[in-house]
Amino acid sequence: QVQLVESGGGLVQAGGSLRLSCAASGRTFSAYAMGWFRQAPGKERQFVAAITGSGSNTYYTDSVKGRFTISRDNAKNTVYLQMNSLKPEDTAVYYCARRRATTYGYTSQQDYNYWGQGTQVTVST
């Protein structure tokens with residue numbers, strides 16, 4: 001069973017930065033793409049960013065391009081989300097997820113089959 005544990009969330013002022021981490025269990029971490037999603041109150045969970053197993057390719061939703069950076073350290077079984085220039089609309093619970101081996105997409109919740117418990121990010125004005 002794969003376990004994903006997020007950390008690094010918190011309260012930050014608009015314009016500030018946070019770095020989220022997601023530690024994964026298991027010995028095949030580098031074989032799987034990883035993604036970050038977020039869910040604001042009353043809204044559906046939405047895709048934020050994804051990274052391939054080797055880290056050579058990354059994908060972002062338009063609203064975070066140029067502000068967020070996804071990366072991974074396969075030696076540490078950890079994926080990161082560096083969030084800069086944060087805005088109040090970035091407020092949400094952020095989830096990391098492991099992508100299925102048998103899917104072609106990166107941006108749908110259905111492309112992922114393991115999820116962390118989430119970490120709250122709150123951006124104040």
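Everything below is about the structure shown above.
The text that follows walks through the structure, step by step, so that each part is easy to find. Because the structure is predicted, anything quoted here is derived from the model rather than measured.

Cut-offs used in this document
Residues numbered from 1 in each chain as written. Predicted model: local features only at pLDDT ≥ 70, side-chain atom pairs only at ≥ 80, totals over all residues. Heavy atoms only, no water. Phe/Tyr/Trp six-rings, centres within 6.5 Å; stacked < 30°, edge-to-face > 60°. Helix = DSSP H or I, 4+ residues; strand = E, 2+ residues; numbered from the N terminus. Buried < 20%, exposed > 50% of the residue type's maximum accessible area, 1.4 Å probe, protein only. Lys NZ or Arg CZ within 6 Å of the ring centre and 35° of its normal. Pairing = 2+ DSSP bridges. Disulfide = S-S within 2.5 Å.

The description of an aromatic ring pair uses the distance of the two centres, along with the angle that the planes make with each other. Using the criterion set out here, one finds five aromatic pairs in the structure. Pairing phenylalanine 37 with phenylalanine 47 gives two aromatic rings, centres 5.7 Å apart and planes at 75°, and the pair type is edge-to-face. Taken together, the residues phenylalanine 37 in strand S4 (residues 34–39) and phenylalanine 47 in strand S5 (residues 46–51) connect sequence positions 10 residues apart. Accessibility assignment for this pair places phenylalanine 37 and phenylalanine 47 in one class, buried. An aromatic cluster is defined as three or more aromatic residues linked by ring pairs; in this entry it consists of Phe37, Phe47, Tyr112 and Trp115. Note that arginine 19 overlies the ring of tyrosine 80, its terminal NZ or CZ placed 3.9 Å from the centroid.

Here the focus is unusual backbone geometry. If you check the backbone angles, asparagine 77 has positive phi at about 50° while not being a glycine. For asparagine 77, a relative accessible area of 17% translates into the label buried. Phi at serine 85 takes a positive value of approximately 50°, unusual for a residue other than glycine. Following the sequence through the fold, serine 85 ends up in the loop between strand S8 (78–83) and strand S9 (92–99).

Now for the pairing of S5. Burial analysis of S5 places five of its six residues in the buried class, which makes it a mostly covered element. As paired elements, S4 and S5 share five bridges and run antiparallel to each other. Residue arginine 38 lies in a different strand from S5, and its bridge partner there is glutamine 46. Taking the residues between adjacent antiparallel strands as the criterion, S4 and S5 are bridged by six residues, where glycine 42 takes a positive phi near 75°.

Let's shift gears to the state of the cysteines. Inspection of the entire model under this criterion finds one disulfide. Sulfur-sulfur distance for the disulfide between cysteine 22 and cysteine 96 comes to 1.9 Å. Since a negative S-S torsion denotes a left-handed disulfide, the cysteine 22-cysteine 96 link at about 45° is right-handed. Highlighted residues: cysteine 22 in strand S3 (residues 18–24) and cysteine 96 in strand S9, separated in sequence by 74 residues. In this structure cysteine 22 comes out as buried when scored by relative accessible area, which is 0%.

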